[in-house]
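# Descriptive structure summary
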Amino acid sequence: MQALTVSLSLVAALAASQAVKFWLAGRQARSVQAHRGAVPPPFDKQISLTAHQRAADYTLARLRFGMATETVGAVLLLAWTLLGGLDALNTWVRDALQPQYGDLVYQLALVAAFSVIGGLIDLPLEWLRVFRLEQRFGFNRMTQKLFFTDLAKGTALSIAIGLPLVATVLWVMRATGEFWWLWAWGLWVGFALLMQVIVPIWIAPWFNKFEPLTDNAMAERVQALMTRCGFTAKGLFVMDGSTRSSHVNAYFGGMGRSKRVVLFDTLLRRLGGREVEAVLAHELGHFHHKHILFMMLRGFAATLVAFAALGWLARQPAFYAGLGVQPNLQAANDALALLLFLLATPPFLYFLSPLSARWSRRNEFEADAYACAQTDGADLASALLKLHEDNGSTLTPDPVYARFYYSHPPASERLAALPG
Ligand SMILES: [Zn+2]
């Protein structure tokens, strides 16, 4: 493998992925703009023109914002790699720390410094997203104080969980020989499984309140549904999503005793009892069809491929030289290999996103079908429309854009698939 080949591949993948992103965003924008004037049938009975136009404007604003952040990301990637940013950071951290504190401290500091710089660049973008974009359309409920409290908590978690994990990975890379990537993968799988249990029980409650349903009539209705579906009674929670955003949502997650369905308080306020039941049945459908399990297994398979690729790439001098970094293959080099890999792969992986989006859409159809078998399809349909409206989702996406990105089927396809 030649260094020049590596450089050219990265530039080609980055240019191609950026071109596709802009092309798709342009298509989506044109489709939304073209249908802005009138609510398309069959939605014109339920959705007002005002709501439709707000969704259109919100979608367009998000597309523009997304393209701006994509451009920042592409420039950053080039700055880190071919323009020598990571090499300079590595040299600086190594010279400052390695002689005195040794390999592990130097490598951890490199990962930490890289993460801090990345975080500082992301911070203003996220602030703009919340306090300009979401605010402008009336979706934001977050105060400045909450924003920065979340940031502090997130940082504390990265230090408490991320740093020991990276240290262990670095140790495994060093200590387990040629097949280190297999061990590292095993470690990753163990970590991911542990997080499945820890996140819902310990971490999510640090950011949000999770409470049982208080409305008795609703609780009875929900209890009857869960019994019918064979879902354990403890697994339903209401989350105070309204402290951050007025967006409406429900999700499922966890495994074993941490298995749960979470309904946002915003959803309970917006939907009637029968609609809530239909949405809950949809979430239970994800459990019934073991979607979370398959999603995890798919993720594990993908990480195995990624670790194997890294295992091979990390030994190729051209991998480093081609990405603008001077390696030190005789000594501690693992953190550098990890960071380069994490930086350079997204433009290539971007082209796989339609596959996972398609998989996800298929799951949504299955969960919808399950919900219709357990509850009334008409309730699910009206609930889905309200969710669409409250989230400012467009009813007229570009078909190619939706195929490429949408994790949930467009409203028209989803409603068409419901019986009745
Ligand atoms: Zn779903």
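Residues numbered from 1 in each chain as written. Predicted model: local features only at pLDDT ≥ 70, side-chain atom pairs only at ≥ 80, totals over all residues. Heavy atoms only, no water.

## Observations concerning the environment of Met-226
Along the chain, Met-226 turns up in helix H7 (residues 216–229). Of the residues examined, Met-226 reaches a relative accessible area of 1% and is grouped as buried. Separated by 10 residues in the primary sequence, Met-226 and Leu-236 place their C-alpha atoms 9.2 Å from one another. (Helix = DSSP H or I, 4+ residues; strand = E, 2+ residues; numbered from the N terminus. Buried < 20%, exposed > 50% of the residue type's maximum accessible area, 1.4 Å probe, protein only.)

## Topic: unusual backbone geometry
For the bond from Pro-41 to Pro-42, the omega torsion is 5°, close enough to zero to count as cis. Along the polypeptide, Pro-42 turns up in the loop between helix H1 (3–34) and helix H2 (49–80). Phi is positive for Lys-290, which is not a glycine, with a value near 55°. With respect to the helices and strands, the residue Lys-290 is situated in the loop between helix H9 (273–288) and helix H10 (291–313).

## Examining the sheet that holds strand S3 (residues 250–253)
Spatial strand order, S1-S2-S4-S3: 4 strands in an open sheet with mixed pairing. Edge positions in the sheet fall to strand S1 (210–211) and S3, since each of these pairs with one other strand and no more. As defined by bridge partners, strand S2 (residues 236–239) adjoins strand S4 (residues 260–264) across 4 bridges and the pair is classed as parallel. Directly across from Met-239, in S4, lies its bridge partner Phe-264. Across the sheet, H9 is in contact with S2, S3 and S4; its angle to S3 comes to roughly 25°. (Pairing = 2+ DSSP bridges. Contact = heavy atoms within 4.5 Å. Axes fitted to C-alpha atoms, helices over the stretch in contact; angles between N-to-C directions.)

## Topic: the coordination of the zinc ion
Taken together, the protein ligands of the zinc ion are His-282 (NE2), His-286 (NE2), Glu-364 (OE) and Glu-364 (OE), with distances of 2.1 to 2.7 Å. Counting residues between consecutive donors of the zinc ion along the chain gives the motif H-x3-H-x77-E. Taken together, the positions of His-282 in helix H9 and Glu-364 in helix H14 (residues 353–374) put the pair 82 residues apart, joining distant regions of the chain. For His-282, a relative accessible area of 5% translates into the label buried. (Donors = N, O, S within 2.8 Å, 3.2 Å for Na, K, Ca; no water.)

## What to know about the pattern of salt bridges
This structure, assessed with the given rule, holds 19 salt bridges. Between Arg-228 and Glu-277 there is a salt bridge, with the nearest N and O atoms lying 3.5 Å from each other. Of this pair, Arg-228 sits in helix H7 while Glu-277 sits in helix H9, and the two are 49 residues apart along the sequence. Residue Arg-228 is classed as partly exposed on the basis of its relative accessible area of 44%. Close ionic contact of Lys-386 with Glu-275 constitutes a salt bridge, the shortest N to O distance being 3.0 Å. Taken as a pair, Lys-386 in helix H15 (residues 377–390) and Glu-275 in helix H9 lie far apart in primary sequence, 111 residues in all. (Salt bridge = Lys/Arg side-chain N within 4 Å of Asp/Glu carboxyl O.)

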